[in-house]
Amino acid sequence: MELAISTPAILFSTVSLMMIAFTNRYLAIASLIRELHDKFRISPNENYVEQIKHLHRRVHIIRNIQFIIVTSLLLSAVSMLFIYLQYQSVAQVLFFVALLLQIGALSLSIWEISLSIHALKIELSDMEEKLGKQFGFFGRTKPKNIE
């Protein structure tokens, strides 16, 4: 299989979109951490600590995703250089590794999303404690008595 110079360039748009998305997620999470930290200073609560721990883990995952995405972009660009220099076998290996890195970044993003859902569960847990489970947060419902 021979790569055209435009083939590795396909990853450029994906990388750009992922960088924008995860930079926005990172900024939102950093803001939440600061807000929760301020709330914790005013009223220490174990709930805040749990939320901050999950958010901190998500920030690290997002940092790793961004590192992997940028590395993938770099390998795609170097792959294009090797295609231009007519070193097809090296270009193919680099492009293959860039694709693997994209797959890894997408897999990490799935993990980060699942942590996001778990963080929401923690945040809403106090509502469930006060109101009971009758409102069915996260698919859990309290059975109604049939009379």
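All of these numbers come straight from a predicted model, not from anything done at the bench.

Caption draft 1: Molecular detail of the overall build of the protein. Looking only at helices and strands, the protein has 3 helices and 0 strands in total. When burial is assessed residue by residue, the protein has 29% of its 147 residues classed as buried. Of the contacts made within the protein by residues no fewer than 6 positions apart, 73% connect residues no fewer than 24 positions apart. Of the roughly 9,900 Å² of accessible surface on the protein, 65% is carried by carbon and sulfur atoms.

Caption draft 2: Spotlight on the nonpolar core. Judged by nonpolar contacts, the single largest core of 16 residues is most densely connected at Phe 22, Ile 29, Ile 65, Ile 69 and Ala 105. For this core, the secondary structure elements donating two or more residues are helix 1 (6-42), helix 2 (46-84) and helix 3 (88-131). If you tally residues by element for this core, the top one is helix 2, at 8 residues. Excluding its chain neighbours within four sequence positions, the residues that come into contact with Ile 69 are Val 15, Met 18, Met 19, Phe 22 and Ala 105. By size, the runner-up hydrophobic cluster in this structure holds 8 residues, among which are Leu 3, Leu 75, Ala 91 and Ala 98.

Conventions we followed
- Residues numbered from 1 in each chain as written.
- Predicted model: local features only at pLDDT ≥ 70, side-chain atom pairs only at ≥ 80, totals over all residues.
- Heavy atoms only, no water.
- Helix = DSSP H or I, 4+ residues; strand = E, 2+ residues; numbered from the N terminus.
- Buried < 20%, exposed > 50% of the residue type's maximum accessible area, 1.4 Å probe, protein only.
- Contact = heavy atoms within 4.5 Å.
- Areas by Shrake-Rupley, 256 points an atom, 1.4 Å probe, with all protein chains shown as cover.
- Core = buried A, V, L, I, M, F, W, Y, C linked by side-chain atoms within 4.5 Å.

Shape is all these values report; function is a separate question.
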